[in-house]
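Examination of the molecular architecture
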Amino acid sequence: ERVNAALDGPRGNWLELLDADLENLRAALSWFHERSDYEALQSIAGSLGHYWLDRGLLSEMRTWLERSLESGATGAHHALVLTRLSGVNYVQGRYEDARTNAEEALAEARSMGDLASVQRAMAHLANALEAEGSVEESWDLERQGAEIARRLKGEHPRMLLVALINLGYSAINRGTLEDAVRFSEEAVALAQELGESVYGAAARSNLALALVELGRIEDAADVGATALAAAIDASDPLLATNC
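These remarks concern the structure in this document. (Residues numbered from 1 in each chain as written. Predicted model: local features only at pLDDT ≥ 70, side-chain atom pairs only at ≥ 80, totals over all residues. Heavy atoms only, no water.)

1. Some details on empty space enclosed by the protein
- All chains considered together, the criterion is met by one cavity of 30 Å³ or more.
- One number sums up the size of the largest cavity: a volume of about 50 Å³.
- Taken together, Q119, M122, A123, A126, E142, G145, A163, N166 and L167 make up the full set of residues lining the largest cavity.
- Among the elements of the structure, α9 (115-131), α10 (135-151) and α11 (157-174) are those that each provide at least two residues to the lining of the largest cavity.
- Along the lines of polarity and charge, the residues of the lining of the largest cavity split into five nonpolar, three polar and one charged. (1 Å grid on protein atoms, 1.4 Å probe; cavity = no way out; pocket = protein on both sides within 12 Å on 5 of 7 lines; lining within 4 Å. Points joined across faces, edges and corners; volume = space filled by probe spheres on them. Helix = DSSP H or I, 4+ residues; strand = E, 2+ residues; numbered from the N terminus. Nonpolar A, V, L, I, M, F, W, Y, C, P; charged D, E, K, R; others polar.)

2. Describing the packing of α11 against helix α13 (residues 197-213)
- For the pair α11 and α13, interaxial distance at closest approach is 9 Å and the crossing angle is 20°. By the criterion of interaxial angle, the relationship of α11 to α13 is roughly parallel. The chirality of how α11 crosses α13 is left-handed. For the pair formed by α11 and α13, the contact residues are R158, L161, V162, I165, G168, Y169 and I172 on the first element and Y199, A202, A203, N206, L209 and A210 on the second.
- Residues of the contact of α11 with α13, tallied by class, amount to ten nonpolar, two polar and one charged. (Axes fitted to C-alpha atoms, helices over the stretch in contact; angles between N-to-C directions. Parallel < 35°, antiparallel > 145°, perpendicular 65-115°, else oblique. Left-handed = near helix turned anticlockwise from the far one by under 90°. Contact = heavy atoms within 4.5 Å.)

3. Overview of helix α3 (residues 22-34)
- Along its 13 residues, α3 runs 18 Å from first to last C-alpha, staying within 8% of the 18 Å computed at 1.5 Å per residue.
- Among the residues of α3, L22, L29 and F32 are the ones counted as buried. All buried residues of α3 fall inside an arc of 90° around its axis, so they share one side. Seen from the buried face of α3, the exposed residues on the opposite side, beyond 90 degrees, are E23, N24 and E34. (Expected span 1.5 Å × (residues − 1). Buried < 20%, exposed > 50% of the residue type's maximum accessible area, 1.4 Å probe, protein only. Arc of directions from axis to C-beta.)

4. Comments concerning the nonpolar core
- The biggest cluster of nonpolar side chains holds 49 residues, and the ones touching the most others in it are L161 and I165.
- Listing elements by their share of this core, those giving two or more residues are α8 (95-112), α9, α10, α11, α12 (177-194), α13, α14 (217-233) and α15 (237-242).
- The element that contributes the greatest number of residues to this core is α11, accounting for nine residues.
- If you look at the next biggest cluster of nonpolar residues, it comprises 22 residues, including L7, I44, Y51 and W52. (Core = buried A, V, L, I, M, F, W, Y, C linked by side-chain atoms within 4.5 Å.)

5. Things to note about α13
- With 17 residues, α13 should reach 24 Å at 1.5 Å per residue; the first-to-last C-alpha distance of 24 Å fits that figure.
- Burial within α13 is extensive, with twelve of its 17 residues counted as buried.
- Those residues of α13 that fall on the buried side of the exposure criterion are Y199, G200, A201, A202, A203, R204, S205, N206, L207, A208, A210 and L211.
- At its buried positions, α13 is contacted by α5 (49-55), α11, α12, α14 and α15.

6. Considering the packing of aromatic side chains
- Enumeration over the complete set of coordinates arrives at three aromatic pairs.
- Aromatic pair Y90 and Y95: ring centres 5.7 Å apart, planes at 55°, arrangement tilted.
- Assessed through its relative accessible area of 29%, Y90 is described here as partly exposed.
- Both rings, one in W139 and one in F183, keep their centres 6.3 Å apart while their planes meet at 65°; by these two values the pair is edge-to-face. Placement of W139 in helix α10 and of F183 in helix α12 is noted, with a sequence separation of 44 residues between them.
- Given a relative accessible area of 5%, W139 falls into the buried group.
- The ring of F183 has R182 lying over it, and the distance from NZ or CZ to the ring centre is 4.4 Å. (Phe/Tyr/Trp six-rings, centres within 6.5 Å; stacked < 30°, edge-to-face > 60°. Lys NZ or Arg CZ within 6 Å of the ring centre and 35° of its normal.)

Written as structure tokens, this is what we have:
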């Protein structure tokens, strides 16, 4: 749980620490599952969401999230598990499932009055809606979520970074290119502040695309080349392809 909170800020070496303890974490997940301790299972599975996504362990992520929901029990970590499941469904192209998960998570987070959980669920719901073609509904949710993220920046700076990247990408899809440049440039600056090279590359990729659409080809080439170098250095082939 401490690592989960830390991964909302500067990453440091947290991912490497989880790499080193991965077999212990798997053993713990299995132990709690065998004993039907679903509250503990949801806590660990939900907390590992950032890690599994960043390491590309999507099938493992889905397996443990779904197992943690088997009993139908709800608790302090239930909304987080639903949000994480929405995320893996989105990445794997299961947009309807991603939307359903995020809608449930958002309703639960609002009932708890947990702003950070509300913001995460909003972001995942917006992603799913945009993928399904509901661009304006998605945009409204992203703007609301970004405002919450600004309020929570002191505690969750990475949350704002992701919100800004999403806004930049969505603005391109809406054709509001000046918005795309503004949000993407803010995301690049925040990524530099946090030392987030991969997310900085994602922000620059969006910025380069907006600049191309605006006819600023040389600027786009410079930004895109910087993004590509960072993506290759991070061994992220999907991001490198986008860049």
